[in-house]
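Secondary and tertiary structure notes
Next come the chains, spelled out residue by residue.
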Amino acid sequence: MQEKISEIQNQAKDDLVRAGSPEDVEKIKTRYLGRKGGIINEIIKAIPGLPPEQRSSTGKSANILKKEIGEWIEEKKAGFNTSAANASPLPLFDVSQPGVHKPYGRRHPLTQTIDDIKGIFKKLCFDIEYGPEVEHEYYNFDALNIPDDHPSREDFDTFYLGNKRLLRSQTSTVQIRVMEKTKPPIRMIAPGKVFRPDTVDARHASMFHQIEGLMVDEGVSFSDLKYVLTLFAKSYFGQNIKMRFRPSFFPFTEPSAEIDISCSLCKGKGCSVCSQSGWVEVLGAGMVDPNVFDTVGYDSGKYTGFAFGMGVERLTMLKYGIDNIRLFFENDLRFLSQF
Ligand code: PHE
């Protein structure tokens with residue numbers, strides 16, 4: 001009988017540890033302490049049928065256990081209300097359960113691209129600079145030689161905040177901010193977010209990332225620009241990357257070029273990411289327009305320079321074969337954990 005009592009004791013303890021709610025505890029109370037059919041009462045009722053020498057010790061043990069279970073039940077109940085119950089001798093959790101798996105965190109793929117590109121330009125002795133995302137029109141347009149009637153100033157191309165403030169639509173703003181505070185020679189890149197009210201599709205989002213570049217010194221030429229960008233593309237994509245320079249126009253560079261990378265998703269055959277052309281534009285660049293130097297007070301007769309701006313999402317998409325820009329912003333761990 002003593003053995004049976006200690007079995008009941010263990011079972012009751014176990015049941016209470018596993019109980020997840022006050023309702024569970026009530027059920028346990030009825031099962032063990034219930035007046036009709038409760039396990040302890042059944043034992044007490046069976047005492048008269050035991051051999052005489054067992055009766056008193058069984059009765060004692062049964063009463064002790066009854067008291068004990070009653071106390072455990074009260075403790076467990078209190079545990080649902082107060083955190084002090086954590087100190088209870090009865091653990092509130094099941095120690096036999098497997099541990100909670102904490103997944104490793106990692107850098108977002110866009111952060112990884114930005115870090116990779118910073119690394120490449122650091123080797124070429126470029127500094128890393130940052131500028132504000134909420135900008136004055138002066139830095140986003142005026143100082144960059146962008147005329148008042150230029151289409152990029154329209155509401156449908158720029159988020160205006162009022163009072164001549166806007167969300168910068170390009171990181172070229174940082175060119176001006178850096179030239180205002182530093183004298184040549186300058187070698188810098190400036191990563192950051194830019195904002196445009198574009199309709200969202202596989203290649204466009206209303207917020208994306210750019211990395212601006214600027215080098216100013218005596219005797220900087222277009223061939224330096226070509227050299228630096230080719231070196232960058234080969235370091236980032238590998239030696240076999242195909243690039244093409246197309247003549248283009250930006251108000252703050254003259255001459256200007258757009259640089260395309262062969263589309264790695266369709267291997268040049270044409271797909272939605274490259275608009276069926278086999279090429280994806282990833283960079284705008286050119287020689288700094290002398291009007292910009294005049295604006296920041298540099299001697300445009302003495303200094304020349306080149307500038308470029310690249311799209312971080314597009315570079316990442318091309319490198320890893322990602323066909324939809326939205327994936328970067330949806331926070332889906334099935335996507336993010338692959339990088
Ligand atoms: N700011 C330009 C854009 O967003 C890119 C660019 C940067 C072009 C620097 C020339 C020089 O399209």
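Residues numbered from 1 in each chain as written. Predicted model: local features only at pLDDT ≥ 70, side-chain atom pairs only at ≥ 80, totals over all residues. Heavy atoms only, no water.

Some thoughts on the domain arrangement of the protein chain
Quick note on the threshold: Throughout the structure description, domain borders are defined by an automatic or database domain assignment.
Domains assigned within the protein chain are domain 1 (2-86) and domain 2 (109-336). Taking only C-alpha atoms into account, the centre of domain 1 sits 74 Å from that of domain 2.

A look at the layout of surface pockets
What counts here: Throughout, the protein atoms alone are placed on a 1 Å grid, and a set of points is a cavity if a 1.4 Å probe fits but cannot get out or a pocket if it is open with protein on both sides within 12 Å along at least five of seven lines; lining residues have an atom within 4 Å of a point. Grid points are joined across faces, edges and corners, and a volume is the space filled by probe spheres set on the points. Secondary structure counts use DSSP, requiring at least four H or I residues in a row for a helix and at least two E residues in a row for a strand, with both numbered from the N terminus. The residue classification treats Ala, Val, Leu, Ile, Met, Phe, Trp, Tyr, Cys and Pro as nonpolar and Asp, Glu, Lys and Arg as charged. All others, Gly included, are polar.
Computed from the structure, the largest pocket encloses a volume of approximately 940 Å³. In this structure, the largest pocket is lined by 38 residues; those nearest its centre are Ser-169, Arg-196, Gln-210, Phe-250 and Glu-281. Residue assignment for the lining of the largest pocket shows that the elements contributing at least two residues are β6 (207-217), β7 (243-250), β8 (253-262), β9 (279-288), β10 (304-311) and α10 (312-320). Residue contributions to the lining of the largest pocket peak at six residues, all from β9. For the lining of the largest pocket, the class distribution of residues is 15 nonpolar, 14 polar and nine charged. Here the second largest pocket is characterised by a volume of approximately 250 Å³. Along the walls of the second largest pocket sit 15 residues, with Ile-241, Ser-262, Cys-263, Ser-264 and Lys-267 positioned nearest its centre. Of the residues belonging to the lining of the second largest pocket, the class tally is seven nonpolar, five polar and three charged.

Quick notes on the sheet that holds strand β3 (residues 159-162)
Each strand in a sheet pairs with its neighbour through backbone hydrogen bonds, running either in the same direction (parallel) or in the opposite one (antiparallel). What counts here: Any two strands between which DSSP finds at least two bridges are classified as paired. Angles shown run from 0 to 180 degrees and are taken between the N-to-C directions of axes, each axis being a line fitted to C-alpha atoms and, for helices, limited to the stretch in contact.
On the basis of which strands lie adjacent, the open sheet formed by three strands has the order β2-β4-β3 and antiparallel pairing. Edge positions in the sheet fall to β2 (134-136) and β3, since each of these pairs with one other strand and no more. Sheet twist, expressed as the average angle between the axes of neighbouring strands with direction ignored, equals 35°.

Side note on the pairing of strand β5 (residues 186-195)
The criterion, for reference: Only protein chains enter the accessibility calculation, which uses a 1.4 Å probe. A residue is then buried if its area is under 20% of the maximum for its type, exposed if over 50%, and partly exposed in between.
Summarising burial for β5: eight of the 10 residues are buried, a large majority. Sheet topology note: the strand β1 (residues 127-128)/β5 ladder contains two bridges and is parallel. Following the sheet pairing, Ile-128 is matched in β5 by Ile-189. Of the strand pairs in this sheet, β5 and β6 are connected by 10 bridges, and their pairing is antiparallel. Bridged to Pro-191 within β6 is Ile-211.

Looking at the sheet that holds β8
Definition in use: Every residue pair with non-hydrogen atoms within 4.5 Å of one another is taken to be in contact.
As summarised here, the arrangement of the seven strands in space is β1-β5-β6-β10-β9-β8-β7, forming an open sheet in which the pairing is mixed. Each end of this open sheet is capped by a strand with a single partner; those strands are β1 and β7. One ladder, built from eight bridges, connects β6 with β10; its direction is antiparallel. Bridging from a neighbouring strand, Ile-211 pairs with Met-310 of β10. Strands β7, β8, β9 and β10 of the sheet are contacted by helix α8 (residues 222-237), whose axis makes an angle of about 30° with β10.

Digging into the pattern of salt bridges
Rules: For salt bridges, the criterion is a side-chain nitrogen of Lys or Arg within 4 Å of an Asp or Glu carboxyl oxygen.
All chains considered together, the criterion is met by 17 salt bridges. Its salt-bridge partner being Arg-153, residue Glu-137 comes within 3.9 Å of it at the nearest N-O pair. On the criterion of sequence distance, the pair formed by Glu-137 in helix α6 (residues 137-140) and Arg-153 in the loop between α6 and β3 is long-range, its members being 16 residues apart. Each of the two residues, Glu-137 as well as Arg-153, counts as buried. The residue Glu-258 makes a salt bridge to Arg-246 at a minimum N-O spacing of 3.1 Å.

Observations regarding the packing of aromatic side chains
Definition in use: Any pair of Phe, Tyr and Trp rings, taking the six-membered ring for Trp, is counted once the centres come within 6.5 Å. Such a pair is stacked with planes under 30 degrees apart, edge-to-face with planes over 60 apart, and tilted for the rest. Criterion for a charge above a ring: Arg CZ or Lys NZ at most 6 Å from the ring centre, at most 35 degrees from the ring normal.
Counting across every chain of the model gives 14 aromatic pairs. With centroids separated by 6.3 Å and ring planes inclined at 65°, the aromatic side chains of Phe-328 and Phe-329 adopt a geometry described as edge-to-face. An aromatic cluster is built from Phe-121, Phe-126, Phe-232, Tyr-236, Phe-237, Phe-306 and Phe-308, whose rings are joined through pairwise contacts. Stacked on the ring of Phe-245, the Lys or Arg Lys-226 has its end atom at 5.1 Å from the ring centre. The ring of Tyr-236 carries the charged tip of Lys-319 above its face, separated from the ring centre by 4.1 Å.

Describing the site of the ligand
The condition that has to hold: Proximity is defined per residue: if any heavy atom of the residue lies within 4 Å of a molecule or strand, that residue is considered near it. N or O atoms within 3.5 Å of each other form a polar contact, as long as, within protein, one can give a hydrogen and the other can take it, and as long as residues adjacent in sequence are counted only when both atoms are side-chain atoms. The protein chains shown are the only cover counted for residues, whose accessible areas, like all others here, come from Shrake-Rupley with a 1.4 Å probe. A cavity or pocket is said to hold a molecule if more than half of that molecule's atoms lie within 2 Å of its grid points.
Around the ligand, a shell composed of 14 residues is seen, among which Gln-170, Ser-172, Arg-196, Gln-210 and Gly-309 lie nearest. Residue Arg-196 places a side-chain N or O atom 2.9 Å away from an oxygen atom belonging to the ligand. Relative to its free-state accessible area of 330 Å², the ligand is covered by the protein chains to the extent of 91%. Here the ligand occupies the largest pocket. Only β6, β9 and β10 provide two or more residues apiece to the shell around the ligand. The element contributing the most residues to the shell around the ligand is β10, with three residues.

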